[in-house]
Amino acid sequence: RPEQPIKSQLRQIRELPYVSENNLVKLVPFSTKVKKIAVFLQSVNGQQHISNPTLLEELISKLPMSKKLDWARVASRVQPYPTIIDFSNWLSEVANLICSVQEVEQKDQKRRILLHATENQQQCPICQGFHKIYDCARFFNLKVQDRWKQVKKGRACFSCLNIGHTTRDCRR
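Presented here is an overview of the structure given in this document.

### Topic: the packing of helix H1 (residues 3-15) against helix H2 (residues 27-43)
In contact at an axis separation of 11 Å, H1 and H2 are set at 160 degrees when each is read in the N-to-C sense. The pairing of H1 with H2 is recorded here as roughly antiparallel in orientation. As H1 runs across H2, the sense of the crossing is left-handed. Contacts between H1 and H2 involve Pro5, Ile6, Gln9 and Ile13 on the former and, on the latter, Ile37, Phe40 and Leu41. Considering only residue class, the contact of H1 with H2 consists of six nonpolar, one polar and no charged.

### Regarding the pattern of salt bridges
Here the structure, examined in full by the defined rule, presents three salt bridges. As a salt-bridge pair, Glu58 and Arg14 come within 3.2 Å of each other at their nearest N and O atoms. Placement of Glu58 in helix H4 (residues 53-60) and of Arg14 in helix H1 is noted, with a sequence separation of 44 residues between them. A cluster of three or more residues bridged by salt bridges with shared partners is formed by Lys67, Asp70 and Arg73.

Conventions we followed
Residues numbered from 1 in each chain as written. Predicted model: local features only at pLDDT ≥ 70, side-chain atom pairs only at ≥ 80, totals over all residues. Heavy atoms only, no water. Axes fitted to C-alpha atoms, helices over the stretch in contact; angles between N-to-C directions. Helix = DSSP H or I, 4+ residues; strand = E, 2+ residues; numbered from the N terminus. Parallel < 35°, antiparallel > 145°, perpendicular 65-115°, else oblique. Left-handed = near helix turned anticlockwise from the far one by under 90°. Contact = heavy atoms within 4.5 Å. Nonpolar A, V, L, I, M, F, W, Y, C, P; charged D, E, K, R; others polar. Salt bridge = Lys/Arg side-chain N within 4 Å of Asp/Glu carboxyl O.

Encoded structure:
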């Protein structure tokens, strides 16, 4: 009986938090939740819920005004009418854009931090503690493959695991 899980999913929609204009990053988890709901409704053949305009309005109401306007532009081109699936797909695209912009901003921020970091006060890219990556317990508990990924992601030297230079410039 899919009625109970559907009711649960609909309740989750109503409990989703509003996303404010000054915190668009919150659209990413919002998008994930909407996608899960859309996939669930498809999996239980909940077509009446997928095309329910009231349910769609409830989701749209959680968006900041700028995104409501963006969605209105997209929705006006959907024929015969927009559904939860259309909304979820559009929202996923928006979330992906936010993630890519956020990654660029974080890289810029890390570069600024690296310029001002001192040798003794480097922040660990694994746990954000103030120690070197080779002193991080969490780092050593990772599998070798995951350690390699973390070293690359943290832009650490492959030779000494310090941040701020490459293997080519390493003095050790």
